[in-house]
Amino acid sequence: MVDRGSDGGKERRLLQYYVAKKDTVLLRLLGTCDVNVNQLRLGMLVEALEDLKDSALKIRVTDTAGSKSWCGTEWRCHKYDLITVSHKIWQYLLAVQSPQERVQLASNETLCEQIRSISMKDKVWYRCDPNKHSKELAFVRYIGPVPEIGPGYYFGLELLESQEASKTCALTKEYFICTHWNAIFATVNNICPYKETDTVSSNIEKTLFSKGTTGTDHTNDIKKSVLDSTPAILLEQFTAFDDNKNNNRESVNMLKERQKIAKSTPENDVNNLAKNLDHALFKSGNEKNEIKKFSKIEDKEDLMVGSNVKVLLDSDVHYGVIRWIGTPPGISPGKLMAAVELDDGHPLGTDGTYKDTRYFHCRPYKAVFTDIEHCSHYENTKLDERLALTNNDNFGNMESSVIAGIVRPISVKGDLESICGKYRGIQGHHNSCYLDATLFSMFTFTSVFDNLLFRPPNEKDCPQYEEVQRVLREEIVNPLRKNMFVRADRVMKLRTLLEKLSSVSGLTSEEKDPEEFLTSLVAQILNAEPFLKLSSGQDAYHYQLFVEKDDHLNLPTVQQLLEQSFLTSNIRLKEVPSCLIIQMPRFGKSFKMYQKIQPTLLLDVTDIIEDSPRQCTVCGKLAEFECKECYGQCGVGLESIAFCLQCLEKVHCHERRTNHEPKKLVVPMEFAILQEHCPVPRLYLELSAVVCIETSHYVSFVKCGPGSEAPWCFFDSMADRKGEQNGYNIPEMVPCPDFPYWLSEEGGNYLTKLTDDRHLPEHAKRLLCDAYMCMYQSPDVMMYK
């Protein structure tokens, strides 16, 4: 981790990761334990928090057995009792159950280095039993967490020979695509790195990795066995796109023909087999001529990045868009290859990588890299036929189908980059960014607003209620969740309905704000139950922060502003909301009360919920009174005005507080009875999205899944443009790995010292300086809504 505050700030220390190599006694430095757990046991995993003197470390212990006894504690441990491992290996070891196997693997530095280098699509050996020598070849299709199985990182494998279904086979379908064979999740102790010099014995391996062998080198029995047992897709998987081999494409076609012929040839008819193989050689030559003929439809010099093309793959025509043109390393100089993002995908496709190098981002199995000679422009009639647009606007050639039923929100597990890139999200059109950013934030990765999609109509709803709900659900939300793309004409259909049915005008063409869209769709047409119920008797769909500017506050947080606003307005929330949309103290692009505002990742709403148990700000026990005049005097925020009876009397003995007028709080009867046995609970909401505005254009930062560890992305519905006046906007999603840092205490310390916002990275500047609306959610309340 690199220090972003290089101007005088200390370099932030990287956590070190270890495995305990023997049982040892620890010295507790912080926290309490409900049982005696001061012995670090063999194979336990620890993180170093600080390097102490005399070769000692301050550590935190992770108990893979699931015990909570170590939570919230810190310990002193000697370095010599630990084995250092990298963070990646540490994550792999979390999933290994046997302490002895964790230590054995961590002690083998060479093996750890080899395992660290394993990446997606690599070949590995899989051992069902680590203690046995039997192994089988597999492909790595996924690396990352699988919470359904347990903690740590797992390898998702595609086994080439095993035919028995594993216990995790059904679960693997949620994480990766397995084209032909058995799929399994494996821990690192079941994995052995594959070396090119490894001896291979199976028929499949002989076919895939033999070089320079001909049909005459094997007996007829072996020849037929190999051809019979090798799927056509596997024959291509190791040869397609390898342009260093001059006869590559011919070899692929010949192998495919051999397979077909072998299956249809009697076992004892060797002569016929030889004749058929000769015919296969002749036929593969004809297929190559067909490719050349296909490529001469028009001049290849007209092709460029963004061109709509059709490409010949395995004698089949596929359609797509060129994303990159060039000569990758290892290819003959001067030979151009095209990276094509296909509309329909292909079993041999990638996510935009070629030979472990990324050239662009797209969904898995959508990208193919091929000789540019194999690509040709669309005919115009074919393009018009495929788009079938409902108006004369140009929205590009991306498909945006109608999807009925229920589609769950996306939950990213593993690499966020696999779903990011251009043509991701909702396409912008005619000042639609206010709506695009809001819809993307509300529905892509969370279900907190899904009741809007499925509530049955009632007598109070307008006649077009079901049509609006259907368009929102089946033409926008479902395609967004399933295909990660919604074309602008689908959104225009919703905008047209909103303008026709609501009191908000200009929704199809003019610049609007997100709250106007929420009023139109959620309040007036879908007639949804208000998200917020206030103690004043009012209901609301979002909360506008009303505060007086504090000139001494350089970097206010949403937590501070929310509590200040509730105190000033003298209101409370009657219940914990499933979602809380907070509008910053600004008015569009014209006025901002604060130059920068730091959104709060975990919003504490304990003190703004009416009649909710609260803590005494002095002693932490159950509060019975509230004194608004004490705000900020005995602590910070609304927490500083809550007192138990004893502390209230003690604090108000001071002459400056004798004229205060405390108010008695309502304590729930059931909690008052149990207060001696139950700590006062804190109530939190999680930040799920931040909608930002800069120079009339709305964008959003969105959390890509549940939990605090979920990654964040940046979405812009008009990130780029194809063509001029008659062109179309290209939406884009970009990973934001630094998002949590800018909202952390460490990031806040850096920001308070920063004198010129122009020194901020682009995304940090948009997040902190342009925040317009923050969306929060309660996972607990969501379950009951």
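Per an unreviewed UniProt entry, the protein carries the name ubiquitinyl hydrolase 1 and comes from Dinoponera quadriceps. You can read under Catalytic activity (unreviewed entry) in the UniProt record for the protein the words "Thiol-dependent hydrolysis of ester, thioester, amide, peptide and isopeptide bonds formed by the C-terminal Gly of ubiquitin (a 76-residue protein attached to proteins as an intracellular targeting signal)."

Q: Can you help me understand the sheet that holds strand β33 (residues 663-664) in this one?
A: Hydrogen bonds between backbone groups are what pair the strands of a sheet, and the pairing can be parallel or antiparallel. Ordered in space as β32-β31-β33, the 3 strands form an open sheet in which the pairing is antiparallel. The outermost strands of the open sheet, each flanked by one partner alone, are β32 (642-643) and β33. Relative to β33, strand β31 (residues 625-626) runs antiparallel, the two sharing 2 bridges. Residue pairing in the sheet places E626 in a bridge with K663 of β33.

Q: Help me understand helix α11 (residues 433-443) in this model?
A: For an α-helix the count is 3.6 residues per turn, leaving residues at separations of three or four pointing the same way. Among the 11 residues that make up α11, 11 are buried, leaving the element largely enclosed by the rest of the structure. Among the residues of α11, C433, Y434, L435, D436, A437, T438, L439, F440, S441, M442 and F443 are the ones counted as buried.

Q: How do you make sense of the packing of α11 against helix α14 (residues 488-501) when you look at a structure like this?
A: Packed helices, taken two at a time, are described by the angle their axes make and the gap between the axes. Their axes nearest at 12 Å, the elements α11 and α14 cross at an angle of 110°. Between α11 and α14, the angle falls in the class roughly perpendicular. On the side of α11, the interface is formed by Y434, L435, D436 and L439, while α14 contributes V491, L494, R495 and L498. Broken down by class, the residue content of the contact of α11 with α14 amounts to 6 nonpolar, no polar and 2 charged.

Q: How should the sheet that holds strand β5 (residues 45-51) be read in this particular structure?
A: If you walk across this open sheet you meet the 6 strands as β3-β7-β6-β5-β1-β8, and the pairing is antiparallel. The strands lining the two open edges of the sheet, one partner per strand, are β3 (27-30) and β8 (82-85). On average, adjacent strands in this sheet sit at an angle of 45° to one another, irrespective of strand direction. For strand β1 (residues 16-20) and β8, the ladder comprises 4 bridges, and the chain directions are antiparallel.

Q: Looking at this structure, how should I read the pairing of strand β14 (residues 308-313)?
A: Two faces make up the sheet, and in a regular strand the side chains alternate between them. Counting buried positions over the 6 residues of β14 gives 5, a clear majority of the element. One ladder, built from 6 bridges, connects β14 with strand β15 (residues 316-326); its direction is antiparallel. Paired with N308 across the bridge in β15 is V321. Pairing of β14 with strand β20 (residues 375-377) involves 3 bridges; the strand directions are antiparallel. Paired with K310 across the strands is S376, a residue of β20.

Q: Can you help me understand the environment of R572 in this one?
A: If you trace the backbone, R572 turns up in the loop between α16 (558-569) and β27 (579-583). The exposure class assigned to R572 is buried, which follows from its relative accessible area of 11%. Sequence-wise, R572 and E610 are 38 residues apart; in three dimensions their C-alpha atoms are separated by 5.4 Å. Discounting chain neighbours no more than four positions away, the residues touching R572 are K533, L534, S535, F566, D607, I608, I609, E610, R614, E626 and I641.

Q: Honestly, a nonpolar patch on the surface in this entry has me stumped. Any pointers?
A: Taken together, L27, L29 and L30 make up a surface patch of nonpolar side chains, about 270 Å² in accessible area. Looking at where L29 falls in the secondary structure, it is placed in strand β3. Judged by its relative accessible area of 40%, L29 falls in the partly exposed class.

Q: Could you clarify how one ought to interpret the environment of L30 in this entry?
A: Tracing the backbone shows L30 in strand β3. According to the relative accessible area criterion, L30 is partly exposed, its value standing at 46%. C-alpha of L30 to C-alpha of R76: the two residues are 46 residues apart in sequence and 9.7 Å apart in space.

Q: What am I meant to see in unusual backbone geometry here?
A: Glycine aside, negative phi is the norm for most residues, and most peptide bonds take the trans geometry. Of note, M484 is a non-glycine position whose phi angle comes to about 60°, a positive value. Mapped onto the elements, M484 comes out in the loop between α13 (465-483) and β23 (485-486). Unlike most non-glycine residues, D611 shows phi in positive territory, near 60°. Following the sequence through the fold, D611 ends up in the loop between β30 (602-604) and β31. Residue class for D611 comes out partly exposed when judged on its relative accessible area of 40%.

Q: Looking at this structure, I do not really get the nonpolar core. What am I missing?
A: Generally speaking, a soluble globular protein has its nonpolar side chains buried in company with each other. In terms of nonpolar packing, the biggest core is built from 107 residues, with F445 and F449 touching the most fellow members. By residue number, the principal contributor to this core is α11, which donates 8 residues. With residues up to four places along the chain from it excluded, the contact list for F445 reads P409, I410, V412, I419, F440, V702, K703, C704, G705, C713 and M733. Membership of the second largest hydrophobic core comes to 29 residues, among which are I89, W90, V96 and L157.

Q: Would you mind showing me how to read the packing of α11 against α13 here?
A: Two elements in contact, α11 and α13, have axes whose closest approach is 10 Å; the angle formed by their N-to-C orientations is 70°. Between α11 and α13, the angle falls in the class roughly perpendicular. Once α11 is placed against α13, the crossing between them reads as right-handed. Together, L439, F440 and F443 of α11 and L472, I476, V477, L480 and R481 of α13 make up the contact between the two elements. Of the residues in the contact of α11 with α13, the class split is 7 nonpolar, no polar and 1 charged.

Q: Is there a simple way to think about the side chain of D716 in this case?
A: Summarising the element assignment, D716 is placed in strand β36 (residues 712-722). Buried charged residue D716 carries no salt bridge. Nearest counter-charge: R766, at 4.6 Å. The contacts of D716, once residues within four sequence positions are left out, are H697, V699, I730, P731 and E732.

Q: Even after reading the chapter, I still don't get the confidence of the model for the protein, so can you show me in this structure?
A: Fine structural detail should not be taken from predicted coordinates in areas where pLDDT scores are low. For the protein, mean pLDDT is 77; residues scoring 70 or higher make up 77% of the total. For the protein, helix α7 (residues 232-237) is the element with the lowest average pLDDT, namely 31, and α11 is the one with the highest, namely 95. Scored below 50 in pLDDT, residues 1-13 makes 17 contacts in the model with residues more than four places away or belonging to other chains.

Q: Looking at this structure, I do not really get the pattern of salt bridges. What am I missing?
A: Opposite charge on two side chains lets them pair, provided their charged atoms get close. Here the structure, examined in full by the defined rule, presents 33 salt bridges. The partner of E158 in a salt bridge is R141, and the shortest N-O contact between them spans 2.5 Å. You can see E158 sitting in strand β11 (residues 150-159) and its partner R141 sitting in strand β10 (residues 136-146), a full 17 residues away along the chain. Assigned by exposure class, E158 and R141 land together as buried. K493 is the salt-bridge partner of E475, the closest N and O atoms lying 3.1 Å from each other. You can see E475 sitting in helix α13 and its partner K493 sitting in helix α14, a full 18 residues away along the chain. What makes E475 buried here is its relative accessible area of 2%. With a relative accessible area of 34%, K493 lands in the partly exposed category. Here the salt bridges share partners, and the residues they tie into one network are E467, R470, R473, E474, E475, R490 and K493.

Parameters and conventions
- Residues numbered from 1 in each chain as written.
- Predicted model: local features only at pLDDT ≥ 70, side-chain atom pairs only at ≥ 80, totals over all residues.
- Heavy atoms only, no water.
- UniProt positions renumbered as here; feature names shortened; annotations may be inferred.
- Pairing = 2+ DSSP bridges.
- Helix = DSSP H or I, 4+ residues; strand = E, 2+ residues; numbered from the N terminus.
- Buried < 20%, exposed > 50% of the residue type's maximum accessible area, 1.4 Å probe, protein only.
- Axes fitted to C-alpha atoms, helices over the stretch in contact; angles between N-to-C directions.
- Parallel < 35°, antiparallel > 145°, perpendicular 65-115°, else oblique.
- Contact = heavy atoms within 4.5 Å.
- Nonpolar A, V, L, I, M, F, W, Y, C, P; charged D, E, K, R; others polar.
- Patch = residues over 30% accessible without salt bridge, like charges linked within 9 Å, V, L, I, M, F, W, Y side chains within 5 Å.
- Areas by Shrake-Rupley, 256 points an atom, 1.4 Å probe, with all protein chains shown as cover.
- Salt bridge = Lys/Arg side-chain N within 4 Å of Asp/Glu carboxyl O.
- Core = buried A, V, L, I, M, F, W, Y, C linked by side-chain atoms within 4.5 Å.
- Left-handed = near helix turned anticlockwise from the far one by under 90°.
- Lys, Arg positive; Asp, Glu negative; His and termini not counted.
- pLDDT = per-residue confidence, 0-100.

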